[in-house]
Amino acid sequence: MVMAMDLAHWQKRLENHFRELSAHRRRKFPDRRIFGLEHGLDISETQALTTAVRAHIADGPPAWDHALAWMVYASEIGYRYSGDEYWQTFEEETPGWTINGDRYWIRRCFLWFQREFRGVEPCGIWARHFSIICWPITHAILPTDLQRQLAHVLYELRHSFSAELFESPLILGDLIAARSWNATSRFQNLAQEPQLLGQIAAALLLQGEFGTDSLIHPATLRRIGEDLDRERRAREWLRGARRFARERAQIRGLGLLGRGTKPSSVGHPDDARAEVAELGIEPRLVLRPTDSINVSWEVSLEIPNLSHLLIRFPQTREILTGSRCVVAGAAGRPLARGRCLHGAQRVTLAQWPLADEVLLRFEQTDSQLEYLLRAECLLRPGPTWLFRIASDGLAYECRSLRVRPGARYIMVSTAGPVRSNGHTSPIDLSCQGVHGAILDLPQALTKDWEEALRHLGLGQAKTIEVWPAGLSAVVWDGEGHGEWLASERPCLGIRTDHPLASLLISMGSNAILPLELTPVEPGEPIFVALPNLPVGLHTVHVSAQSSLAGQTELLGDLDVVMRIREARPWSPGVSPHGPLMVQMEPSAPTLEQFWEGRVEITLRGPADRNVKCRVSLFERDGDVSTVTKQLPPMRLPVTTDAWRAHFERHFRKTREAESFYDTARICELEFAADELGAFTVRCERDFTPLRWAVRRRGQGYFVRLLDDSGADSQPEVKRVAFETPCVEEKIGLASEYDVPESGGMYVVRMSAFAAAVIVPPVIRGFADLGCVSRVDGGTRSTESIIRALEISRLWGQARLPGDFISATRRRGVLLALVRHVAQLLGGDNWAKAEIAACNKDAGMAVLKDAISKRREEIAVGAVLARDYGDLAITTCEERVKRIASLATSFHLLQPASPVSEFNAEWLSELALRLASDPVGVDVWARERFRAGLTRLMDAPTLARASRFLVLATDHHLESRSVTGELYAGWGWT
């Protein structure tokens, strides 16, 4: 009875506090909501409330009269939540809850608080997926594991702060959300509520100044700030961001009165194009010498940072972050997802793009992005382009066909070889479709030179010379086009070669109020300091005037085009021009993706320099690592395959790593290359509504089902044996399952959610290592193939525990399934040939003869048997082209209709993917998947030829597959 009165006391106090807070916020800002964490209690009071709640639930179920006390209690646990197990933590800290408590009752408390006191309501996809725990986590405002990430994003964005930005939490939230593409999935969930995110960020940055005192309760804001201060890096990031925020906010008083508008409210495509032009995202060409005598050059396209499109056009976010980018004429593979948001990229071109060809093309797109790219991502009109060779040895594209005495240039033409005429020297360009020549201009141009330039279509630069002074520009082409960092204040030097009456200098719309410098002496430099400029494109207009007989004559002018870009702190892959660079896809991998080899990591830098890596596993954020190991050094450059093999050998397969991986939630990799640089990669467990946790119990295992979905329906749980991977055995619902010694896969499904985990068998001797997976024959049909591929995807995407036996068993299952698919596509005789080939030394000859017995197709096998050794050391893309060529030459495909969407190359890639790694084929093929399978079933020889090439490549490479590959050499992207 006493404890009930205690809770009644807390309920009354909280009710008075929240009513007063709600009324105050409603009067000042009608659109502002309140949070459960804004309870106003100090540490001792919070502990007393916690004690009262726990004492009450130990004796009986929670009472509706204490709803606010329970809501605050749940919010406090949400504040300490780190993306692991909310309800397990709740139950462990609340004895009696498992007997007397009800999760849905907690949600009803928050719903009542939202209606009665205008509390915050969770929204977005994550709130629908986590329909109960989204309430206490949202009302925790900023859980401790997200504070460091927000501080880092705000620090990166500090140069983009402006007074206008702080006038609306929604706009600020959209800006942060746009830059959270490489954050963890937990932070991505928070970013789905930009209004809430902006409210939190503005309060943290301005700390009650400029009218932000009503965004978050002062005591709650101090608490979050103090928690951030405890972590050194987070404290430094937040202090740096606050300094810029205050400076920019002081431009004028802020009211924070409205929700504001989206970053871009343009409706007409031309308006959108004007906004994009201001951002300066147009790619430019760069030439790089490939020999010491500057006779051979390669052509690169420099793609600027596209991240500002996320801010101005938020609807492009999914495309820019989740879709690969194809660069017109590029020699290599498409750019990884999100790669265009890391900073400027240089991509080598093997083919000169066509005049009307869009330089950047994303695998997914929408009409507005397509229009913007077509407007701003085309080559400048040809057929002649001019490049000035800079002091760094690279040749940068000039924005005009004007040359200056004493400089060196390269002319590039698509209209045939550049005429030599004694003034140019031809060069070799490793880019088809263009020709080049070097011009080495003397200090003074003779009439002969002037005539030669005229015939080449070139002009002489104006008599005004402009160059960056003070802090050097990041990029300067020598003719009036440069880039500066937003953290720097640009300064220009100006000089003329003859006397002038005056120089007029203006910027943008201020052309009517120019700065006039008079008089101007020849050869005497003049320095003009410009104000701090926002990120984007700016133009400085310089005009020269002479006075003759009292008349002012305009002698010439020059526009200096200035691109101001963000001064972002170094992070992995951000600076492609630095001495050490990492490229990673996906950009923010989960711990499961990293551990299972589904992440591509490449390290680039000066050849033969050492790079070291230290790997650490953590059970919780901020805890001491459970295991840390310094790996042996690697030699730069490091390919993805080399990294995977190195990591697997020196860490993943170690006993320590296997023991601690299952309980780890975070893996941190620290790369260091002495003075070349250092960086850290952080991977966290995937945050999904349904997930499994694997734990050891003696010699065996048990699995725990974690259900944070909050759905009303009950999940369905099944177990699948390794021996029969297509047969699911339904088992009853329980919080834990003891796994039999034979192991297997556990699957849970509920409405749109599904999760699977593979548990290894108990190994007592060599006999336990072997396992034969059996797949039923089934009828030869598209539906049978689709069913087999669905099962393959389930096994392929199931989570693996730390030990290597589970990975070995999964690989065995997937090999059995891919053989089954090959049988359905190639026929029973082909399946028999595969079995016979395993038992004979001349296995490839057996398979070659089984590709086709038809006279017009029999040579296909002979060609592949002859060439597979060479094809084994090429890329998957080259093998696709070879198979497509054979399919066309030997008419392996039935004639298609004129409007068919399937060509030989696409069908060949489909056949090779099915034959080598069926997991995810449907995601690659998308809407063409079913129709493509049907078309391939009508071309069994193509399917058999593709399967032969897969097996022959694996045979040639001695089956030395790396992590993530079923067959050696078949690592698809």
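As a reminder, the structure under discussion sits directly above these lines.
Procedures and definitions
- Residues numbered from 1 in each chain as written.
- Predicted model: local features only at pLDDT ≥ 70, side-chain atom pairs only at ≥ 80, totals over all residues.
- Heavy atoms only, no water.
- Helix = DSSP H or I, 4+ residues; strand = E, 2+ residues; numbered from the N terminus.
- Buried < 20%, exposed > 50% of the residue type's maximum accessible area, 1.4 Å probe, protein only.
- Areas by Shrake-Rupley, 256 points an atom, 1.4 Å probe, with all protein chains shown as cover.
- Phe/Tyr/Trp six-rings, centres within 6.5 Å; stacked < 30°, edge-to-face > 60°.
- Lys NZ or Arg CZ within 6 Å of the ring centre and 35° of its normal.
- 1 Å grid on protein atoms, 1.4 Å probe; cavity = no way out; pocket = protein on both sides within 12 Å on 5 of 7 lines; lining within 4 Å.
- Points joined across faces, edges and corners; volume = space filled by probe spheres on them.
- Nonpolar A, V, L, I, M, F, W, Y, C, P; charged D, E, K, R; others polar.
- Pairing = 2+ DSSP bridges.
- Axes fitted to C-alpha atoms, helices over the stretch in contact; angles between N-to-C directions.
- Salt bridge = Lys/Arg side-chain N within 4 Å of Asp/Glu carboxyl O.
- Patch = residues over 30% accessible without salt bridge, like charges linked within 9 Å, V, L, I, M, F, W, Y side chains within 5 Å.
- Expected span 1.5 Å × (residues − 1).
- Arc of directions from axis to C-beta.
- Contact = heavy atoms within 4.5 Å.
- Parallel < 35°, antiparallel > 145°, perpendicular 65-115°, else oblique.
- Core = buried A, V, L, I, M, F, W, Y, C linked by side-chain atoms within 4.5 Å.

A. Broad picture of the overall build of the protein chain. Across its full length, the protein chain carries 33 helices and 34 strands. Split into buried and exposed, the 973 residues of the protein chain put 54% on the buried side. Accessible surface for the protein chain amounts to roughly 42300 Å². Of this, 50% is attributable to carbon and sulfur atoms.

B. Geometry of the packing of aromatic side chains. In total, this model carries 35 aromatic pairs according to the counting rule given. Aromatic side chains Trp595 and Tyr661 sit 4.1 Å apart centroid to centroid with 15 degrees between the ring planes, which places their arrangement in the stacked category. Within this pair, whereas Trp595 is found in helix 21 (residues 591-595), its partner Tyr661 is found in helix 23 (residues 655-661), the two being separated by 66 residues in sequence. Residues Trp595 and Tyr661 agree in their burial class; the two are buried. One cation-aromatic arrangement involves Arg186 over Phe687; the distance from NZ or CZ to the ring centre is 5.5 Å. Above the plane of the ring of Phe702 lies Arg697, whose end atom (NZ or CZ) is 4.0 Å from the centre.

C. Structural detail: empty space enclosed by the protein. Here the structure, examined in full by the defined rule, presents four cavities of 30 Å³ or more. Approximately 90 Å³ is the volume found for the largest cavity. Contributions of two or more residues to the lining of the largest cavity are made by helix 21 and helix 22 (640-652). A per-element tally of the lining of the largest cavity places helix 22 first, with five residues. Residue composition of the lining of the largest cavity, grouped by class: six nonpolar, two polar and three charged. Taken as a whole, the second largest cavity holds about 80 Å³ of empty space. Among the secondary structure elements, those contributing two or more residues to the lining of the second largest cavity are helix 8 (134-139) and helix 12 (185-191). Here the lining of the second largest cavity takes three residues from helix 12, the largest share from any one element.

D. Looking closely at the pairing of strand 1 (residues 284-289). A large share of strand 1 lies buried, amounting to five of its six residues. Summarising the sheet, strand 1 and strand 2 (residues 296-303) pair through six bridges and their orientation is antiparallel. Following the sheet pairing, Arg288 is matched in strand 2 by Glu298. Counting the residues in the hairpin turn of strand 1 and strand 2 gives six residues, including Asn294, whose phi is positive at 55 degrees.

E. The sheet that holds strand 32 (residues 736-738), seen in detail. Across the sheet, three strands lie side by side as 28-29-32; this open sheet has antiparallel pairing. Since the sheet does not close on itself, it has two edges, and those belong to strand 28 (690-697) and strand 32, each with one partner. For this sheet, the mean inter-axis angle between neighbouring strands, taken without regard to orientation, is 25 degrees.

F. Layout of the pattern of salt bridges. This structure, assessed with the given rule, holds 45 salt bridges. For Arg108, the salt bridge is made with Asp102, and the minimal N-O distance between the two is 3.9 Å. Linking Lys881 and Glu878 is a salt bridge whose minimum nitrogen-to-oxygen distance equals 3.9 Å. Of the two residues, Lys881 and Glu878 both sit in helix 29 (residues 876-889), three residues apart, roughly one turn of that helix. For Glu878, a relative accessible area of 40% translates into the label partly exposed.

G. Molecular detail of a nonpolar patch on the surface. Judged by side-chain polarity, Ile763, Phe766 and Leu769 come together as a nonpolar surface patch covering roughly 340 Å² of accessible area. As for its position among the elements, Ile763 is in the loop between strand 34 (753-759) and helix 24 (782-797).

H. Representation of the sheet that holds strand 25 (residues 627-635). Within the open sheet, the four strands sit side by side as 25-24-26-27. Their pairing is antiparallel. Every interior strand has two partners, whereas the edge strands, strand 25 and strand 27 (678-684), have only one. Across this sheet, the average inter-strand angle for adjacent strands is 15 degrees, counted without regard to direction. Both strand 24 (residues 610-618) and strand 25 contribute to a ladder of seven bridges, which runs antiparallel. Paired with Asn610 across the two strands is Arg635, which belongs to strand 25.

I. Molecular detail of the pairing of strand 22 (residues 581-585). Of all five residues making up strand 22, four are buried, and the element is well covered by its neighbours. Where strand 22 lies against strand 23 (residues 600-604), five bridges are found, and the strand directions are antiparallel. Note that in strand 23 the partner of Glu585 across the bridge is Glu600.

J. Spatial organisation of helix 33 (residues 940-956). Between its terminal C-alpha atoms helix 33 stretches 24 Å, which fits the 24 Å expected from 17 residues at 1.5 Å a residue. Taken from the residues just after helix 33, Glu958 is the one with a positive phi, measuring 55 degrees.

K. Representation of the side chain of Glu648. Along the chain, Glu648 turns up in helix 22. When its relative accessible area of 16% is taken as the criterion, Glu648 is described as buried.

L. Layout of helix 26 (residues 828-838). For helix 26, the set of buried residues is Trp830, Ala831, Ala833, Glu834 and Ala837. The buried residues of helix 26 all sit within an arc of 155 degrees when viewed along its axis, so they share a single face. For helix 26, the exposed residues set more than 90 degrees away from the buried face come down to Asn829, Lys832 and Ile835. Of the surrounding elements, those touching the buried residues of helix 26 are helix 25 (804-826), helix 27 (843-850) and helix 33.

M. Spatial organisation of the environment of Thr365. If you trace the backbone, Thr365 turns up in the loop between strand 5 (360-362) and helix 19 (367-376). Residue classification places Thr365 among the partly exposed residues on the basis of a relative accessible area of 42%. Considered as a pair, Thr365 and Leu320 are 45 residues apart in the sequence and their alpha carbons are 8.8 Å apart. Excluding residues that lie within four positions of it along the chain, Thr365 makes contacts with Ile319 and Glu370.

N. Representation of the packing of helix 30 (residues 904-916) against helix 32 (residues 929-937) in the model. Put simply, helix 30 and helix 32 touch, their axes get as near as 10 Å, and they point 90 degrees apart. Taken as axis vectors, helix 30 and helix 32 run roughly perpendicular relative to one another. Facing helix 30, whose interface residues are Trp906, Leu907, Leu910, Ala911 and Leu914, helix 32 presents Gly932, Leu933, Arg935 and Leu936. Split into classes, the residues belonging to the contact of helix 30 with helix 32 amount to seven nonpolar, one polar and one charged.

O. Region of the structure containing unusual backbone geometry. Following Gly382, the chain continues into Pro383 via a peptide bond in cis, with omega recorded as 10 degrees. Summarising the element assignment, Pro383 is placed in the loop between helix 19 and strand 6 (384-389). The omega angle of the peptide bond from Leu636 to Pro637 is -10 degrees, so this bond is cis rather than trans. By secondary structure assignment, the location of Pro637 is in the loop between strand 25 and helix 22. Even without a glycine there, the phi angle at Glu958 is positive, about 55 degrees. Taking relative accessible area as the criterion, Glu958 reaches 58% and is therefore assigned exposed.

P. Seen up close, the nonpolar core. With 70 residues, the main nonpolar core has Trp795, Leu864, Leu942 and Phe948 as its most contacted residues. Among the elements that line this core, the one with the most residues is helix 25, at nine residues. Here Leu864 is in contact with Ile851, Leu871, Ile883, Leu886, Ala945 and Phe948, once residues within four sequence places are set aside. If you look at the next biggest cluster of nonpolar residues, it comprises 46 residues, including Tyr79, Leu204, Leu205 and Ala241.

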